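Listed here are the chains, written in short residue letters.
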Amino acid sequence: MSEVRTYSTGDVRKRHRLAYWNDTLSQSFTRKFVEPREADSFEGRFEIVRAGECNIANVVQGASDVIHTWQHARRDDPAVTFHLQVFGETINEQDQRVIRLGPGEFCICSSERPYDVRMDRNMGLFVIKIPRERFLAVCPELDKYVCRRVSGQNGTGKILTAFLQSFWRELLLGMPNEQAGAMADVGIGLIGQAIQDPNEGSDRRGGGTSRIYEIQEYIERHLADAALTPAEIARTFAMSTRNLHRIFADNTSSVGAYIKQRRLERAREILGDKQFANLRIADTALMVGFTNLAHFSTAFKQAYGASPYNFRSYMLKR
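Summarised in this report is the structure supplied together with it.

Thresholds, definitions, all that
All chains use their own residue numbering, which begins from 1 and follows the written sequence. For this predicted model, a pLDDT threshold of at least 70 governs which residues receive local features, and a threshold of 80 or more governs which side-chain atom pairs are given and counted, while totals over whole chains, interfaces and linings are taken from all residues. The basis for every side-chain value is the complete set of heavy atoms in the structure, and neither hydrogens nor water enter the calculation. Counting from the N terminus, the helices are the DSSP runs of H or I reaching at least four residues and the strands are the DSSP runs of E reaching at least two. A helix is expected to span 1.5 Å multiplied by its residue count minus one. Only protein chains enter the accessibility calculation, which uses a 1.4 Å probe; a residue whose area is less than 20% of its type maximum is buried, one above 50% is exposed, and one in between is partly exposed. DSSP-based pairing: two strands are paired if at least 2 bridges between them are found. We call two residues in contact whenever any of their non-hydrogen atoms come within 4.5 Å of each other. For helices, the axis comes from a line fit to the C-alpha atoms of the stretch in contact; other axes are also lines fit to C-alpha atoms, and the angle between any two N-to-C directions lies between 0 and 180 degrees. When two rings of Phe, Tyr or Trp (its six-membered ring) have centres within 6.5 Å they constitute a pair, described as stacked for plane angles under 30 degrees, edge-to-face for angles over 60, and tilted for the intermediate range.

Considerations on helix α6 (residues 177-196)
The terminal C-alpha atoms of α6 lie 29 Å apart, and with 20 residues this matches the ideal 28 Å at 1.5 Å per residue to within 8%. For α6, the full list of buried residues reads Ala180, Gly181, Ala184, Gly187, Ile188, Gly189, Leu190, Ile191, Gly192, Ala194 and Ile195.

Side note on the sheet that holds strand β3 (residues 44-51)
In sheet architecture, strand pairing relies on hydrogen bonds along the backbone and comes in two forms, parallel and antiparallel. Reading across the sheet, the 7 strands line up as β1-β3-β4-β11-β6-β9-β12 and stay open at both edges, with antiparallel pairing between neighbours. Two strands close off the open sheet at either side, each with one partner strand: β1 (4-8) and β12 (150-151). Looking at chain direction, strand β9 (residues 105-110) and β12 are connected through 2 bridges and run antiparallel. Note that in β12 the partner of phenylalanine 106 across the bridge is valine 150. Contacts from helix α1 (residues 17-28) reach β1, β3, β4 (54-61) and β11 (123-131) within the one sheet, and its direction differs from that of β3 by about 20°. Along the sheet, α6 contacts β3, β4, β6 (79-87), β9, β11 and β12; its crossing angle with β9, the most-contacted strand, is approximately 100°.

Some points on the packing of aromatic side chains
Within this structure, the stated rule accounts for 13 aromatic pairs. Ring geometry for phenylalanine 290 versus phenylalanine 296: centroids 5.2 Å apart, planes at 55°, classification tilted. Arranged with centres 6.4 Å apart and planes meeting at 35°, the rings of tyrosine 304 and phenylalanine 311 form a pair that is tilted. Using a relative accessible area of 24% as the deciding quantity, one classes tyrosine 304 as partly exposed. Residue classification places phenylalanine 311 among the buried positions, given a relative accessible area of 9%. Taken together, Tyr7, Trp21, Phe29, Phe42 and Phe46 form an aromatic cluster joined through their ring pairs.

This is the structure we're talking about:
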């Protein structure tokens, strides 16, 4: 019979909760570390079941960033993770693609390269870890579909989400292992069909909302360019700077604040990666678009509570 395991930070003393959460997530899915918005109040819980070759889980987590680095990727067994947003929102990034998932939407990520999942408030995800070779059997062009948003409200996506809801209920009731494995194979096939369905465009929402994702993707590709400014972005997208600021005001923060945030997050990833251990801090700053080292160091410390040098020293000792 399928066995349900439950992990909760509520069962752990506060000072050990984050380490516990990082360890259990990494062991159950792919290696990663979680940076909560507020460590003292962070909470997380997930139920997980093994079905065939897959780990299937329902995850509830507080506001935080989930970061999978190159260092993690090199140590992981190749896998694909399927993320279905249950409630709340997440911003998912991989291969310079940035998408926002709302309830009922889903995407896939590859463990072979870095990815980030960011959440500004409590959220719920339905997650499936699938061995890479198994997924390639239903989606040979895997990299083409990584970090593409698909709706679960119509077409194949609707069939998939209905199936997963029923499958999860049966797993919780104790589905026989052989049957669970067979149903997991059905689920893998449906995921492959849904993300490759040409009718499941990733931007069926209104024009303003889909526009911001195009702009965010452009920003990701040009973070290292010190000349990346709201005016330059507005010219690229043939709009006024006023209209650009209006689009961002409706969705996230100001354009300038978003660029700064993403540059600091990219710097944090570089500083925490052992393959860049010998890179000068000044070069790291340049790689993410900061031309002034003092400005970079001050902004980094304000964002993460430690200087770039001290942050790197701490991360590389872990």
